[in-house]
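So the chains spell out like this:
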Amino acid sequence: MTAPPDDVLWARGLHYTYDGSPALQGVSFGVREGEIVAVTGARGSGKTTLLRCLSGQELPERGEVWFNSAPVHTLGRAARERLRLRRFGWIDSSPRLVPELTVWENAALPLLLQGTGYRTARKTACAWLARLDVGDCARKRPAVLRQAERQRVAVARALAHSPDVLFADEPTAPLHRTDRAQVLRALSAAARSHGITVVLATHDFAPTPAARTADETGAALADRIVTLTDGRRSRAPAPEVEPAPTGPEGAAACSLSV
Ligand SMILES: Nc1ncnc2c1ncn2[C@@H]1O[C@H](COP(=O)(O)OP(=O)(O)OP(=O)(O)O)[C@@H](O)[C@H]1O
């Protein structure tokens, strides 16, 4: 199968089941370099499973996943782990930081695991923490931070090794409205300034075009929206959502509600 020329990551016909219950039913997906794509859909529609298949954490039962010219779906576990460590970043809805390590050590972990020297790793991690407005927390332990600060540290950790693709699975779900806006803006600004491709799962969606263009909703976060319904790509927008205002095939000045 030939890769779409502009896609850094793409998948065809993904099927995945949990104990016989289908979670993905023939999903195809592609994302261009530097693009921010939001994967939306109701709870249980398959967003997390799609991100896990795209990032090589799970192998689809059928279908293909390609990262550039690497067939992720046929790589062995060790090769997929290397790919995830070096080329991908991952942010969960709850920041899983190592409590015994300081904030900067947490942010530096992917670099240290790749063999980057201690000083360089610390400098790079601290620069990312500063960019995400938690630079003054660098020497603290995660336990004394607010949830939103911990999530910013998790974002810094996911970006510190300059991944090609960042997967963010409901990254602001547990945060308050204001914190959600700030974290989303910080994440998207960091990704855009470094040309990092983002695949962002969310069931949270600005309800109207007006809301999507208001600054406080994290305007223009996503370049494109992909909607899942019961494990399938749906062409129609999510239920309570108006059609995207302009642009080809869902490309729009759209954003996520925050
Ligand atoms: N570990 C699991 N074991 C069994 N079923 C699972 C498991 N994880 C997910 N599922 C089921 O697979 C389907 C897709 O789940 P998935 O988590 O991918 O959807 P989602 O859109 O990310 O949902 P949410 O917004 O709630 O996170 C759902 O029906 C879910 O109940």
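Shown above is the structure to which this text applies.
Procedures and definitions
- Residues numbered from 1 in each chain as written.
- Predicted model: local features only at pLDDT ≥ 70, side-chain atom pairs only at ≥ 80, totals over all residues.
- Helix = DSSP H or I, 4+ residues; strand = E, 2+ residues; numbered from the N terminus.
- Contact = placed C-beta atoms within 7 Å.
- Buried ≥ 20, exposed ≤ 12 C-beta atoms within 10 Å, placed from the backbone.
- Near = placed C-beta within 6 Å.
- Nonpolar A, V, L, I, M, F, W, Y, C, P; charged D, E, K, R; others polar.
- Axes fitted to C-alpha atoms, helices over the stretch in contact; angles between N-to-C directions.
- Parallel < 35°, antiparallel > 145°, perpendicular 65-115°, else oblique.
- Left-handed = near helix turned anticlockwise from the far one by under 90°.
- Pairing = 2+ DSSP bridges.

### Description of the overall build of the chain
1) Next: A count of helices and strands for the chain gives seven helices and ten strands.
2) Next: Considering only contacts in the chain between residues 6 or more positions apart, those separated by 24 or more positions represent 72%.

### Observations concerning the environment of Arg235
1) Next: Mapped onto the fold, Arg235 is located in the segment after strand 10 (232–234).
2) Next: Distance from Arg235 to Arg80, taken between C-alpha atoms, is 31 Å for residues 155 residues apart in sequence.

### Section: unusual backbone geometry
Apart from glycine, the bulk of residues carry a negative phi angle, and the bulk of peptide bonds sit in the trans form.
1) Next: For Asp19, which is not glycine, the phi torsion reads 45 degrees and is therefore positive.
2) Next: On the secondary structure map, Asp19 appears in the loop between strand 1 (7–18) and strand 2 (21–32).
3) Next: Of note in the backbone geometry, Ser162 takes a positive phi value of approximately 50 degrees without being a glycine.
4) Next: Tracing the sequence through the fold places Ser162 in the loop between helix 5 (147–159) and strand 7 (165–169).
5) Next: Taking the C-beta count within 10 Å as the criterion, Ser162 has 16 such neighbours and is therefore assigned partly exposed.

### Some points on the site of the ligand
1) Next: Taken together, Tyr18, Ala23, Gly41, Arg43, Gly44, Ser45, Gly46, Lys47, Thr48, Thr49 and His203 make up the full set of residues near the ligand.
2) Next: Among the elements that line the shell around the ligand, the one with the most residues is helix 1 (residues 47–54), at three residues.
3) Next: For the shell around the ligand, the residue count by class is two nonpolar, seven polar and two charged.

### Looking at helix 1
1) Next: Helix 1 sits mainly inside the fold: seven of its eight residues count as buried.
2) Next: All of the buried residues along helix 1 are Lys47, Thr49, Leu50, Leu51, Arg52, Cys53 and Leu54.
3) Next: Gly56, located one to two residues past helix 1, shows a positive phi value of around 80 degrees.

### Structural notes on the packing of helix 4 (residues 118–131) against helix 5
1) Next: At their nearest, the axes of helix 4 and helix 5 sit 9 Å apart, and the two run at 135 degrees to each other. When the interaxial angle is binned, helix 4 and helix 5 end up oblique. In this structure, the crossing between helix 4 and helix 5 has a hand that is right-handed. Residues Ala125, Trp128 and Leu129 of helix 4 form the contact with helix 5, whose own contacting residues are Val153, Ala156 and Leu159.
2) Next: In terms of residue class, the contact of helix 4 with helix 5 is built from six nonpolar, no polar and no charged.

### Some details on the sheet that holds strand 8 (residues 197–202)
1) Next: Here we have six strands laid out as an open sheet, ordered 6-7-8-3-9-10, and mixed in their pairing. Across the chains shown, the open sheet's two edge strands, defined by having one partner strand only, are strand 6 (88–91) and strand 10. With strand direction ignored, the average angle separating the axes of adjacent strands in the sheet is 25 degrees.
2) Next: The sheet contact formed by strand 3 (residues 36–40) and strand 9 (residues 224–229) spans four bridges and is parallel. Note that in strand 9 the partner of Thr40 across the bridge is Thr227.
3) Next: Strands strand 6 and strand 7 of the sheet are contacted by helix 5, whose axis makes an angle of about 170 degrees with strand 6.

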